[in-house]
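Secondary and tertiary structure notes
Chain by chain, the residues run as shown.
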Amino acid sequence: MYWLSKKRYKIGLLIPTLLVYSVFIVLPIIIAVGYSFTRYSGIGKAKFLGIANYVRLFKDKLFWISFKNTMIIFVLAFVLLLTLSFLIALLLNHHLRAVDVSKALIFSPAIIAPIIVGIIWVYILDPNIGIINNILDALGASGLKQKWIGGEFWSPYSIAIIYFWQQLGYLVTIFIAGLKMIPNDVLEAVKIDGATGFQEVRYVIIPMMKSTISTVAVLIITGVFKIFEIVQQTTGGGPNHLSETLVTYSYSMTFTSSDYGYGMSLATVTFLLSLIITGVYSFLTREKER
Amino acid sequence: MNSKRLKKWCSVAMVSMVVVGTLSGCGSSGKESSKEGDGGEVVINFGIHVANPKEQESVTYNIVQAFNEKNAGKYKVEFQAADTESHSKNMKLAASDNTLPEIFWLDASEAPKYSNAGVLLDLNDFLNENTEIKAALGGMESAFTDDNGQYGLPYQCNVQGIFYNKELFDKVGVAYPTDETTYEDMLGMLAKFKENGITPLSIGSKNSGFAMWEFNETLARYGWEENIDSILAGDKKFNNEDLVTCFEKLKGLAEAGAFPENMATIEYFDAKQLFNEGKAAMFGTGQWDCAEFDKNIGEKIGFWWGPTFTDSDYDQEVAMKVPSAPIVVNAEVAEDEEVQEAVFEFLKFYYSKEAAELSYEGSIFPATNYEGMSATDTQYAMNAMLDTLASGWDSPSTAPDLTVTSAVQEALYNSLFGVMQETYTPEEALDLMDEALENSK
Amino acid sequence: MVNNKKKTTMYIGMILITLLVVFPFIWMVILSLKTNSEIMSSPLSLPKSLNFDNYKNALETLDYLRLYSNTFFVCIISVVVEVIITFLSSFVLSRMVFQNKKIPKFIYEFLIMGLSISPFILLFPVYKINVAMGLRGKLALIFPYIATSISFNTLLLVGYLKSLPTEIDEAAVIDGCNIWNLMLKVILPMTKPVIATIVIFNVLYIWNEFPFASVMLRDVSDYTLSMGASFFKGNYTVDYGGIVASSIMIIIPELIFYGIFQKNIVEGMTAGAVKG
């Protein structure tokens, strides 16, 4: 291979990707970060403000509320998705009848446009017209009714559940793929040694799936920091921005309040957070592998 | 091997040619608005804030159709349509690269920024040439003037207040509200509706901060118009005695259970649906919903400005017939005489008596006032409005929520709904507005 | 016997999970058959009669032929280009020898970073870049779509290509392959499953993409499918039945497409993502 790795090949083959990526991802980010140091309404000239937007951000109560909500969603979605999608993958990896149909159906939410995912769930979670509270009523358990969305408490948890629903099949598929990579003879050998199902999973499967697990983890982390349509459709960030996530809050500042500069400073912080958490995660897991 | 390779290269070449061909072919069709139409007429674009004007802004659609028919072969107006949110983004982007349509709708809180950026045409010349239109507008155009001149003209005229369902009032035995009905009377009304399991006043806050029209009247009756200039100038705070009293009234409504329980998860459209279905007794909105009410509620509809406040020092005899958002003209239009002529011809038609008639037919109040305009007997909702307007009270020159720029406007909406949903105390809510004003300076 | 019991539990688990996941879907189909006022006023009830008005209305309002052909146009060009360029770059990053090992790792991480970006940060700047390059309408969508797919494609492709044994290359080179033959005739055929996966995800992404489409497309004649739902929401009116019905009509081709390629997804994932 070494003698084919000529410099001009490397450069030639990398250039198209790097060029498109630099012009349409990196350059826009730089421009957006640039605007985060200005006051700009989207029209006319931007006015340089220095770090004023960032100072404002740290004093902004709503920023901290959206931060808190995003972290709730992150922790809940991370734990639920990572464990349950792994367990479901273990289940569906058995030779059961109609298991392919089940896999396909579980994957299906991932193909619906996120906007529609939001609309569907409004009809399930809405405190008045949603199916959950109506069923609780019909069962005579009205006491259990909650403002699943649109209240002050439950919204981020509900968003996490919706996100879970949307991503489950996608991640299950990745885990099943990982399970298929484990050579059968390894598992056979374990069986002969008389390991219980739990031991098999704990000491054989999980260690062998480390790289799959970290792919899934990275997809969950970066995904959570992009959740937008689900929130927009279910609560619109309300009541009074209390269920806002970092992305939706930054959207509302940018486009609804036409405060493009401040919106971009929020977006920059969100982007950095996502990068940092992904970085910390890879750092932690890398240490363990050694 | 060689012929195989040749074949492969040929097919690659073919594919790339097809791709390039389609790319360039579509490139030319997707290009900027061509000024010449198929029949040699001058084509002007009208950027509008709904994706489907035929259904969603039918009056404007009809006026444009009538204009196009009348001027076939000479001028043609084409819509550039997108939903409100996309439209607002699109216009900003278009302003940055000079691709604004010739005429377009703008949110009133955003238009001054466009004017400052110098992308809008001063329409003073147009008004001075067409004095009959100026007279018909009757001063309504003054809402859209600044140092750069007449940057826009009112798109329509909004009449905002509370519609009520007479049938439900009869059912619970409450008298219909009148010009004299006070806030205390209203609280009594609410209690009756609550007892009977009817939502008193339907409203939704999800993505619908703008849907606070009935409270423009409330703000006006606590001296908004009198004080806003000194507040914006920094001489006074939003958190002042008058507005605190005003916001306390909203709090009172919330405590009396005036609003739907799920107001946080329903949008304005859903709230309207509750009213249409006869599940809510009152709904605050404007004339744009008339046609829908005629269909759903019919002759049982009534219209009311909202309660008067005995503890307010300000004039209570306030109507709310105000200019809606402006339509504006791209400054570049002046560079091409033919286009300018077409645009002015269209504006002339848009503000003509003929267009006003089309407007009344669709239960929309045009920005113009011509003699002898009236609604037909079956336009119940519009007639209800006309009855209320008959008292002849003065309106503020601009609706309160349109007197401030977008960031403060957003804060106002957030504060109103925050008090109504009891997430903020009146003082907290007003502080947020002061903060937003401070941040936007 | 124990085994049988275990199997039964597994079946119950599988059916339960599947039902839970699919339920919201079914709910949506039911909603699409209700009238607007039924949706709002009696959310729990089944539709009174099978009401296909929403579909009729959606068909009348939207020019599906045009929406589909625009979507196909953008989709085909973007997907073809992004698969080719990311295949080439991933090949370099995963299989070529670098003296300084940090370089490919750095480029890889640089490309993966894009996963963290929510598209609307990019909207305004990308629009301006498109304008500067003279790209408008449908064409303005192609580069952003390609660019936003690079991270995901690189994640999968590099992971997969690294998992192929290096002996393959050496054997090929000894047989006298040049770099093109090695890539296109030896490696590419082995990468088919993961490419299928990438194609599916890229197609689904473009099919559902709204933020870029809503900003880049001005002319109704350029609209793609994801813009369809916006036709049912006006400033003062909304037609939920229309939104749901039009959504379902957007989903149907996706379901068919997914059904056809479903096997490949699992295979591709088996092959690709695992090595991360």
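In this text the structure is predicted, and so the values were computed from the model without any measurement.

Overview of the overall build of chain B
When helices and strands are counted, chain B shows 19 helices and 12 strands. The dimensions of chain B, computed from C-alpha atoms along their principal axes, are 90 × 60 × 50 Å. Here chain B, with 441 residues, has 52% of them falling under the buried criterion. Long-range pairs, those at least 24 residues apart, make up 78% of the contacts in chain B with a sequence separation of at least 6.

A look at the overall build of chain C
Looking only at helices and strands, chain C features 11 helices and 0 strands. Each helix and strand of chain C, placed in order from N terminus to C terminus, yields the pattern α-α-α-α-α-α-α-α-α-α-α. Each principal axis of the C-alpha atoms in chain C carries an extent, and together these give about 70 × 70 × 30 Å. Excluding contacts between residues fewer than 6 apart, the proportion of contacts in chain C whose partners are at least 24 apart in sequence is 78%.

Observations regarding the sheet that holds strand 2 (residues 75-81) of chain B
Residue and element names in this part refer to chain B. Pairing is mixed in the open sheet, where 5 strands are placed in the order 2-1-3-12-6. In this open sheet, the two strands that pair with only one neighbour each are strand 2 and strand 6 (152-154). In this sheet, neighbouring strand axes are inclined to one another by 25 degrees on average, regardless of whether the strands run parallel or antiparallel. One ladder, built from 2 bridges, connects strand 1 (residues 42-48) with strand 3 (residues 103-105); its direction is parallel. For G47, the partnering residue across the bridge sits in strand 3 and is F104. Its contacts with the sheet place helix 15 (residues 337-350) against strand 1, strand 2, strand 3 and strand 12 (326-329), and it is angled at close to 55 degrees to strand 1.

Regarding helix 7 (residues 139-163) of chain C
Relative to the 36 Å expected for 25 residues at 1.5 Å per residue, helix 7 of chain C spans 36 Å between its end C-alpha atoms, a close match to the ideal helical length. Roughly 35 degrees is the biggest bend found in helix 7 of chain C, and it falls at I150 of chain C.

Details of the interface of chain C and chain A
Counting from both sides, the interface comprises 69 residues of chain C and, opposite them, 71 residues of chain A. Where the side of chain C that touches chain A is concerned, the elements lending two or more residues are helix 1 (2-32), helix 4 (64-95), helix 6 (119-132), helix 7, helix 8 (167-174), helix 9 (179-208) and helix 11 (240-271) of chain C. When residues in the side of chain C that touches chain A are grouped by element, the largest group, 13 residues, is from helix 1 of chain C. In the side of chain C that touches chain A, the residues fall into 50 nonpolar, 14 polar and 5 charged.

Concerning the UniProt feature "transmembrane region" (unreviewed entry) in chain C
Residue and element names in this part refer to chain C. Per the UniProt entry, the sites bearing "transmembrane region" (unreviewed entry) are residues 12-33, 71-94, 106-127, 139-161, 182-207 and 240-261 in this numbering. As annotated, residues 12-33 has a helix share of 95% and a strand share of 0%, and its two end C-alpha atoms lie 31 Å apart. Between the C-alpha atoms that bound residues 106-127 the distance is 28 Å, and the span itself is 73% helix and 0% strand.

Some thoughts on the UniProt feature "domain: ABC transmembrane type-1" (unreviewed entry) in chain C
Feature annotation in UniProt assigns "domain: ABC transmembrane type-1" (unreviewed entry) to the following positions: residues 68-261 of chain C. Taken end to end, residues 68-261 of chain C is 74% helix and 0% strand, and its first and last C-alpha atoms sit 20 Å apart.

Re the interface of chain B and chain A
At the junction of the two partners, chain B supplies 26 residues and chain A supplies 23 residues. Counting residues per element, the ones that place at least two in the side of chain B that touches chain A are helix 4 (84-96), helix 5 (111-116) and helix 18 (406-420) of chain B. For the side of chain B that touches chain A, the element with the most residues is helix 18 of chain B, which contributes 6 residues. The class makeup of the residues in the side of chain B that touches chain A is 7 nonpolar, 11 polar and 8 charged.

Examining the pairing of strand 1 of chain B
Residues and elements named next belong to chain B. When you tally the buried positions in strand 1, you get 6 out of 7 residues, the bulk of the element. Of the strand pairs in this sheet, strand 1 and strand 2 are connected by 7 bridges, and their pairing is parallel. Of the residues in strand 2, the one forming a bridge with I48 is A81.

Comments concerning the packing of helix 3 (residues 61-92) of chain A against helix 10 (residues 210-224) of chain A
All names here are of chain A. Between helix 3 and helix 10, whose axes approach to 10 Å, the crossing angle comes to 150 degrees. Here helix 3 lies roughly antiparallel to helix 10, going by the angle between them. Taken as a pair, helix 3 and helix 10 cross one another with a handedness that is right-handed. Counting all contacts with helix 3, which are made through I73, F74, A77, F78, L81 and L82, the residues of helix 10 involved are V216, A217, I220 and V224.

A look at the environment of E317 of chain B
With respect to the helices and strands, the residue E317 of chain B is situated in the loop between strand 10 (301-304) and strand 11 (321-323). Separated by 234 residues in sequence, E317 of chain B and D83 of chain B place their C-alpha atoms 36 Å apart.

Side note on the domain arrangement of chain B
Residues and elements named next belong to chain B. Domains assigned within chain B are domain 1 (42-154 + 325-361) and domain 2 (158-322 + 380-439). For domain 1 versus domain 2, the distance between C-alpha centres works out to 29 Å. Listed as interface residues are 6 residues of domain 1 and, on the opposing side, 7 residues of domain 2. Considered class by class, the residues forming the side of domain 1 that touches domain 2 number 3 nonpolar, 2 polar and 1 charged.

Focus on the environment of A113 of chain A
For A113 of chain A, the location among the structural elements is in the loop between helix 4 (99-107) and helix 5 (114-125). Look at A113 of chain A and you get buried, because 22 C-beta atoms sit within 10 Å. Sequence separation between A113 of chain A and E229 of chain A is 116 residues; the distance between their C-alpha atoms is 9.1 Å. The residues contacting A113 of chain A, other than those within four sequence positions of it, are N208, S226 and S247 of chain C.

Structural notes on the confidence of the model for chain B
Counting all residues, the mean pLDDT for chain B is 88, and 91% of those residues have values of 70 or more. Contacts from residues 6-34 of chain B, a stretch scored under 50 in pLDDT, to residues over four places away or in other chains number 16 contacts.

Observations regarding the packing of helix 1 (residues 7-35) of chain A against helix 4 of chain C
Axis separation between helix 1 of chain A and helix 4 of chain C bottoms out at 8 Å; the angle between their running directions is 130 degrees. Here helix 1 of chain A lies oblique to helix 4 of chain C, going by the angle between them. Judged by the sense of rotation from one axis to the other, the crossing of helix 1 of chain A with helix 4 of chain C is left-handed. Contact residues: helix 1 of chain A offers K10, L13, L14, P16, T17 and V20 of chain A, while helix 4 of chain C offers I85, T86, L88, S89, F91 and V92 of chain C. Of the residues assigned to the contact of helix 1 of chain A with helix 4 of chain C, the class counts are 8 nonpolar, 3 polar and 1 charged.

Side note on unusual backbone geometry
Unlike most non-glycine residues, N240 of chain A shows phi in positive territory, near 50 degrees. Checked against the element boundaries, N240 of chain A lands in the loop between helix 11 (229-234) and helix 12 (246-256). Its 26 C-beta neighbours within 10 Å are what place N240 of chain A among the buried residues. One non-glycine residue, N207 of chain B, lies in the positive phi region at around 50 degrees. By secondary structure assignment, the location of N207 of chain B is in the loop between strand 8 (199-202) and helix 10 (213-221).

Quick look at the confidence of the model for chain C
Confidence in the prediction of chain C, expressed as mean pLDDT, is 82, and 91% of residues score 70 or more. Below a pLDDT of 50 lies the segment residues 272-276 of chain C, which in the model reaches 27 contacts outside its immediate sequence neighbourhood of four places, other chains included.

Calculation rules
Residues numbered from 1 in each chain as written. Chains lettered and ligands numbered in written order. Predicted model: local features only at pLDDT ≥ 70, side-chain atom pairs only at ≥ 80, totals over all residues. Helix = DSSP H or I, 4+ residues; strand = E, 2+ residues; numbered from the N terminus. Buried ≥ 20, exposed ≤ 12 C-beta atoms within 10 Å, placed from the backbone. Contact = placed C-beta atoms within 7 Å. Pairing = 2+ DSSP bridges. Axes fitted to C-alpha atoms, helices over the stretch in contact; angles between N-to-C directions. Expected span 1.5 Å × (residues − 1). Bend = angle between axes of the 7 residues up to and from the residue. Nonpolar A, V, L, I, M, F, W, Y, C, P; charged D, E, K, R; others polar. UniProt positions renumbered as here; feature names shortened; annotations may be inferred. Parallel < 35°, antiparallel > 145°, perpendicular 65-115°, else oblique. Left-handed = near helix turned anticlockwise from the far one by under 90°. Domains from an automatic or database assignment. pLDDT = per-residue confidence, 0-100.

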